Amino acid sequence: MASGQAHPLFEEESPQPSTSVQSPQVVADDEVPGPSVPWVDPSPQPQSLGMKKKREWSDESEEEPEEELELERTPEPKDTWVVEMLCGLKMKLTRKRASSVLPEHHEAFNRLLEDPVIQKFLAWDKDLRVSDKYLLAMVIAYFSRAGLFSWQYQRIHFFLALYLASDMEEDNQAPKQDIFSFLYGKDYSRRPLFHKLRYQLICSMRWRMWVSPEEMEEIQAYDPEHWVWARDRALIS
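Residues numbered from 1 in each chain as written. Predicted model: local features only at pLDDT ≥ 70, side-chain atom pairs only at ≥ 80, totals over all residues. Heavy atoms only, no water.

(A) Inspection of the packing of aromatic side chains at higher detail. Applying the stated rule across the entire model yields 14 aromatic pairs. Linked through ring pairs, F109, F121, W124, F158, F159 and F182 together constitute an aromatic cluster. (Phe/Tyr/Trp six-rings, centres within 6.5 Å; stacked < 30°, edge-to-face > 60°.)

What follows is the structure in structure tokens.
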């Protein structure tokens, strides 16, 4: 995973009248990690509380009324500036990226872990080919970016997010096909629908599919004793 280049440092000096105290110089270091994938929205639309988002993607295998729900997208958290170093009359400020992951996204994830199909899938993936702790952390990150309310996330969203996570992180693309094998067996007729829903999920996240290692660690640190974080491939003998 690659990190974005920091902008050049800049310094601002205030006039130094003989009758006043010298103002401190501020050095701002804009450290914002950038995605390592080519799907970057060059002109993201501004967020507001009044922006509406239609929920048009759902799992047809789950019996639900086919109706469109208008949802209000929650505003994205704003980055903050923190003092990294204070030396004499100089301060170095670093931009700290605000995480969009909220407790409600962890709750949605935990609720889906109680789904018997998802439990069966996690038990079936004994080698953790598509469900290790990092890929599962990315599922929570994607939940925070998709814009749905926590209670709206269903079984299909878990598998869509897990498929995307594997697509982003794994060099070997074969394991993610295990998701199809588990869900549909040898029935290939439903795969186009899955890919259609996958694309809609990507669009709902505005192509922000890259998750930094720092965000993964932050997600796991929310509940470090959670049993899913023990799904570590390094521990498999």
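(B) Representation of the packing of helix α1 (residues 103-113) against helix α3 (residues 133-146). Between α1 and α3, the shortest axis-to-axis distance is 9 Å and the interhelical angle comes to 125°. Here α3 runs oblique to α1, going by the angle between their axes. The element α1 and its partner α3 pack so that their crossing is right-handed. Taking contact as the criterion, the partners of H105, H106, A108, F109 and L112 in α1 are, on α3, L136, V139, I140, F143 and S144. The class makeup of the residues in the contact of α1 with α3 is 7 nonpolar, 3 polar and no charged. (Axes fitted to C-alpha atoms, helices over the stretch in contact; angles between N-to-C directions. Helix = DSSP H or I, 4+ residues; strand = E, 2+ residues; numbered from the N terminus. Parallel < 35°, antiparallel > 145°, perpendicular 65-115°, else oblique. Left-handed = near helix turned anticlockwise from the far one by under 90°. Contact = heavy atoms within 4.5 Å. Nonpolar A, V, L, I, M, F, W, Y, C, P; charged D, E, K, R; others polar.)

(C) Layout of helix α6 (residues 191-204). Between the first and last C-alpha of α6 there are 20 Å, a value that for 14 residues agrees with the 20 Å anticipated at 1.5 Å per step. Residues R191, F194, L197, R198, Q200, L201, I202 and S204 constitute the buried set of α6. Directly after α6, the chain includes R206, whose backbone phi takes a positive value near 55°. (Expected span 1.5 Å × (residues − 1). Buried < 20%, exposed > 50% of the residue type's maximum accessible area, 1.4 Å probe, protein only.)

These figures capture arrangement, not role.
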